Structures are given as C-alpha cells and as structure tokens.
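Residue-level structural notes
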Amino acid sequence: MAQDNVFKIGLILPMTGQQATTGRQIEAAARLYMAQNGDTVAGKKVQLIVKDDTSLPDQTRRLAQELIVNDKVNVLAGMGITPSAMAVAPLATQSKTPLVVMAAATSSITEASPYVVRTSFTLPQASVALADWAPKNNIKTVVSLVSDYGPGIDAEKFFNARMVNNGGKVVEALRVPMRNPDFAPFLQKVRDLKPDALFVFVPSGAGAAVMKQFTERGMDKAGIKLIGTGDVTDDDQLNDMGDSVLGVVTSHHYSAAHPSELNKKFVDAFQKANKNLRPNFMAVGGYDGMRVIYEALKTTKGAGGGDALLAAMKGQIFESPRGKIYIDAQTRDVVQDIYLRKVEKKDGQLFNVEFDVIKDVKDPGKSK
Ligand code: DHB
C-alpha cells in the first residue's frame, strides 16, 4: 500500500556523547543532500530515520534490529565508530540489508558482512602516504600514539611498518584508551623519548585536546613535530585550535580547503544550512553515502530488494567534494585520492591546505 511508495534509510549515528560531532556532521550532510536532490527518487518517497546510538555498540545493534524489523528500512547507514559498524554487520547479512558505512574506518569492516559498502576511508589508506613523506622530510625517528581500538591499531600497524620499510625508526608505539582519554602521561613519555616526530591517530573530536596538551607541554619547542592522519586536524575543530597548529602536516582524503568547484559549492551550501559550521571528512562520507544510495535506488527503481540495491552500489564512480571516488566492486570499499596537507592560515582562518596527492589509493589493509 502506501508503504510501497516509501524508501526508508535508517541512519544510526552518535548524536550525543563523545562522538556527537560525527553525528551532527553526517546528519547535516545527509539532509543537505536530500534538500539538493529532492526526496522523491524513482517514484519513491525517501524517508530518513535518524537514531542516536550515543556511540555505544549495544545501542547501535538494538536500534538496527528495530529499524530492520519494525520500520522495515531498505538501507542502514551511518556508523560513527568501528565497534558500532561491527555490531550491526551480522544483522545486515541476516536481513540482506545494505549497510552504508559513512564514518567508521577500520579496514576489516567491509569483510564483516558482504552487505557493507563504505564511503568514508580506511586508516591504512590514510596512513601510508604520511610514512612515505616523513623520512624524506627529516623525520627519521617517530613515536606513534593511537586510540586503542580498531582504527588506531590499523594506523599504528600500517604507519609504523611503512616507516621502518622506508628506513625510519619507530622508537615506541603507545596506545591511549578510546573512552575519556588522558593524553598527559603519554605526551610526557614522548617528551622524554624525544623522537623527531609524534605520529597521532585519535578519532574525530579528540584532536583539539591532543593539540592543546602537545603545545602546553612545549613539545614543539623541544623540537618534536606532530604528524598524523587528518582526524587530528579535523575541520570541525581546526579553526579553534589556535596558531600553534600552523605547519602541522597530516594525510587524509578530505579537506574543506580542497580546491575544486564542486567542493567550494558543497562547503558554501553546508555552511549556509548549518550556521556557518565547516564540513569535515565525516560530512563528506555522509554526503557521498547518500549519493550512493540515491543512485542505487535510481538504477533498481526500488525493485529487487537489498541484493539489487547492493549490486547497484558496487562499482559506482563519481566526483565527490573530496575528488574522484570509486566503490571497488570486489571489496565494496572506497578507492580515493589521499592528500598531504599542511595547516595554513587563509583569510584569517586555519585550513588543511593540500600540497601533494597520491591518486586512486585502494585500502592497503585488505587481506585479499
Ligand atoms: C573511527 C572514528 C573516527 O571518529 C575517526 O576519525 C576514524 C575512525 C572509527 O571508529 O572507525
């Protein structure tokens, strides 16, 4: 009946708690995509159902179950952190519901269910370019400091191995708790070890605290550089971090300063719709995820259920605000350009300004 003409997207995000900025960014991006592209696709009314999992994986699982059984969603999406995506993956498989992962970035998530499609990135993908850049730029010794869970362990493994492979030295590999981290004792240790650079991965939202403590301890003045994946100079927080972050080099797949026409339009429209909030890499994962869903619905005209939608998601290739991206049909993971960026001031604001690019990077973390 009327239900047949509705296409439901269950978007589960952390809207409150430690990862709330991820939820705010992705929801805003999804709503922007719908405002720009309409809410009727292939004759179906697209309905976005947003649920807050507070980034607790038990909640993510319970909400996904409700969305599948009660709301009969056509697609599940969101997944602010890796444990949430891992908790939902078996439900996606059982119910044959495509699960569009817009944020979580541990390599193995796409292997947890054949129904996972990812539009964010992976930590191995983002880390390797920086480990190629560092030894050529007077960084011979490093300490790594990562959040102690999936994406941090991926970052540690791939960055450190590549450093060693490039003739660099990893002095120590430190892991800090994911929940309520206190960076102070770890930074003190790094200060004593005095490497050329500290490599950092922390999830979106935690970067400002790391930067503040790094500066307060005078680590930069002691000659230790801070480098990391772009999660640490997150566009959501960067402009409030202060001038001490000028010059910090990171590698990532998206910068709000990416100099393409499409990105300028995206950033303008996003800021206009969201009280001048700057979109970050999470927003782009959400925006592109909506596009993957819309295009799959157009292709299938809503017929054939989850399997047909999934098939129509595989192999999609298009220009994103981050640059050209591609959903690898074999792995269902995103293939994209990775940029080296440096924090610079432009028109009085701090930005991650791209200075080099590695084209079409596949996730180096896949076992097959
Ligand atoms: C994950 C979360 C983040 O906020 C991030 O920046 C990268 C990865 C994750 O849990 O997978």
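Located above this text is the structure these notes cover.
Below is a summary of the structure that appears in this document. On a predicted model such as this, the values are computed, not experimentally measured, just so you know.

1. Points about the overall build of the protein
Within the protein one finds ten helices and 15 strands. Expected size for 368 residues packed as a compact globule is a radius of gyration near 21 Å; at 20 Å, the protein falls within 12% of this value. When its C-alpha atoms are laid out on the principal axes, the protein stretches across 70 × 40 × 35 Å. By the burial criterion, 57% of the 368 residues in the protein qualify as buried. If you take every contact in the protein between residues at least 6 apart in sequence, the share linking residues at least 24 apart comes to 67%. Counting only carbon and sulfur atoms, one obtains 50% of the accessible surface of the protein, whose full area is about 14,300 Å². Measuring between centres, the 45 positive side-chain charges of the protein sit 2 Å from its 40 negative side-chain charges.

2. Quick notes on the site of the ligand
Taken together, the neighbourhood of the ligand is formed by 15 residues, with T82, A105, Y149, S204 and D231 sitting nearest. Contact distances for the ligand include 2.8 Å between an oxygen atom and a backbone N or O atom of A105. In this structure, Y149 approaches the ligand through a side-chain N or O atom, which is 2.7 Å from an oxygen atom. Taken by itself the ligand offers 290 Å² of open surface, and the protein chains cover 100% of this. Of the residues that constitute the shell around the ligand, the class distribution is nine nonpolar, five polar and one charged. Both of domain 1 (2–121 + 259–332) and domain 2 (124–252 + 338–361) provide at least three residues apiece to the shell around the ligand.

3. Looking at helix α5 (residues 150–165)
Spanning 16 residues, α5 covers 22 Å between terminal C-alpha atoms, matching the ideal 22 Å at 1.5 Å per step. For α5, the set of buried residues is P151, G152, D154, A155, E156, F158, F159, N160 and M163. In this structure, the buried residues of α5 make contact with α3 (82–95), α4 (123–133), β7 (141–147), β8 (169–176), β9 (197–201) and β10 (225–229).

4. Notes on the packing of helix α1 (residues 20–37) against helix α9 (residues 281–300)
Relative to each other, α1 and α9 sit at 40°, their axes nearing to 7 Å. Between α1 and α9, the interaxial angle falls into the category oblique. For the element pair α1 and α9, the recorded crossing hand is right-handed. Where α1 abuts α9, its residues T22, Q25, I26, A29, A30, L32, Y33, M34, Q36 and N37 lie against M282, A283, G286, Y287, M290, R291 and Y294. Residues belonging to the contact of α1 with α9 are distributed by class as follows: eleven nonpolar, five polar and one charged.

5. Comments concerning the pairing of strand β3 (residues 44–52)
In terms of strand pairing, strand β1 (residues 6–13) meets β3 through eight bridges, oriented parallel. Bridge pairing in β3 links G10 to I49. Note: strand β2 (residues 40–41) against β3, two bridges, orientation antiparallel. Among the inter-strand pairings, V41 is bridged to a residue of β3, identified as K44. Connecting β2 to the next strand, β3, in antiparallel fashion are two residues, including A42 with a positive phi near 50°.

6. Some details on the environment of F355
Within the fold, F355 resides in strand β15 (residues 349–361). C-alpha separation for the pair F355 and L262, spaced 93 residues apart in sequence, amounts to 19 Å.

7. Concerning the sheet that holds strand β6 (residues 116–118)
The strands making up a sheet are joined through hydrogen bonds of the backbone, oriented either antiparallel or parallel. Reading across from one edge, β2-β3-β1-β4-β5-β6 is the order of the six strands in this open sheet, with mixed pairing throughout. The open sheet terminates on both sides in strands that have one partner only, identified here as β2 and β6. Relative to strand β4 (residues 75–78), β1 runs parallel, the two being bridged by four bridges. Note that in β4 the partner of G10 across the bridge is L76. Seen against the sheet, helix α2 (residues 57–69) touches β1, β3 and β4 and runs at an angle of roughly 175° to β1.

Cut-offs and rules
Residues numbered from 1 in each chain as written. Predicted model: local features only at pLDDT ≥ 70, side-chain atom pairs only at ≥ 80, totals over all residues. Heavy atoms only, no water. Helix = DSSP H or I, 4+ residues; strand = E, 2+ residues; numbered from the N terminus. Rg over C-alpha atoms; globule rule 2.2 N^0.38 Å. Buried < 20%, exposed > 50% of the residue type's maximum accessible area, 1.4 Å probe, protein only. Contact = heavy atoms within 4.5 Å. Areas by Shrake-Rupley, 256 points an atom, 1.4 Å probe, with all protein chains shown as cover. Lys, Arg positive; Asp, Glu negative; His and termini not counted. Charge placed at Lys NZ, Arg CZ, Asp CG, Glu CD. Near = heavy atom within 4 Å. Polar contact = N/O pair within 3.5 Å; in protein donor to acceptor, adjacent residues only side chain to side chain. Nonpolar A, V, L, I, M, F, W, Y, C, P; charged D, E, K, R; others polar. Domains from an automatic or database assignment. Expected span 1.5 Å × (residues − 1). Axes fitted to C-alpha atoms, helices over the stretch in contact; angles between N-to-C directions. Parallel < 35°, antiparallel > 145°, perpendicular 65-115°, else oblique. Left-handed = near helix turned anticlockwise from the far one by under 90°. Pairing = 2+ DSSP bridges.

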